[in-house]
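Residue-level listing of the chains:
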Amino acid sequence: MRPAEQRGRFAWILAVAGRSAQARSVIEQLRKESGGKLPPVGVIAVALERLGDMDSALVVLADAIAKHDPWLLQYSHNERFDRLRKDPRGLTLMLKLDV
């Protein structure tokens, strides 16, 4: 597992546990280490969505799809992505994975 995936999963776990400030801190650290832009990793998208930042989640999701993120390709049907699929923009992006 790549470091960005590990830390993205950690941010998601924190967000699910209601520890939003800590989750945001992990995400901001990832952003700083990546030169101001979040790495294109699907699990970061679901962490952002859990934190209520759907617009940023969709940007990361689109980047992850464009870069063929292996984590996203493997876990895209996981329930973690259900909330993203409920947004029409997210559903449109997720359908690109099934092509």
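Since the structure is predicted, the reported quantities are computational estimates derived from the model, not experimental observations.

(A) Structural view of the nonpolar core. Residues I44, L61, F81 and L84 are the most contacted members of the largest nonpolar core, which totals 32 residues. Of all elements in the fold, only helix 1 (3–16), helix 2 (20–33), helix 3 (42–50), helix 4 (54–66), helix 5 (70–75) and helix 7 (88–97) reach the threshold of two or more residues within this core. Take this core: its biggest share by element is 7 residues, from helix 4. Ignoring anything within four residues of it in the chain, the contact list for L61 reads A45, L72, F81, L84, G90, L93 and M94.

(B) Structural view of the side chain of E49. You can see E49 is positioned in helix 3. Discounting chain neighbours no more than four positions away, the residues touching E49 are M54, A57, R83 and L84.

(C) Main features of the packing of helix 4 against helix 7. Where helix 4 contacts helix 7, the two axes come as close as 10 Å, and the packing angle between them is 15°. By the angle between their directions, the pair helix 4 and helix 7 is classed as roughly parallel. Remark: the crossing between helix 4 and helix 7 carries left-handed chirality. Of the residues in helix 7, those touching helix 4 at M54, D55, L58, L61, A62 and I65 are R89, G90, L93, M94, K96 and L97.

The rules we used
Residues numbered from 1 in each chain as written. Predicted model: local features only at pLDDT ≥ 70, side-chain atom pairs only at ≥ 80, totals over all residues. Heavy atoms only, no water. Core = buried A, V, L, I, M, F, W, Y, C linked by side-chain atoms within 4.5 Å. Buried < 20%, exposed > 50% of the residue type's maximum accessible area, 1.4 Å probe, protein only. Helix = DSSP H or I, 4+ residues; strand = E, 2+ residues; numbered from the N terminus. Contact = heavy atoms within 4.5 Å. Axes fitted to C-alpha atoms, helices over the stretch in contact; angles between N-to-C directions. Parallel < 35°, antiparallel > 145°, perpendicular 65-115°, else oblique. Left-handed = near helix turned anticlockwise from the far one by under 90°.

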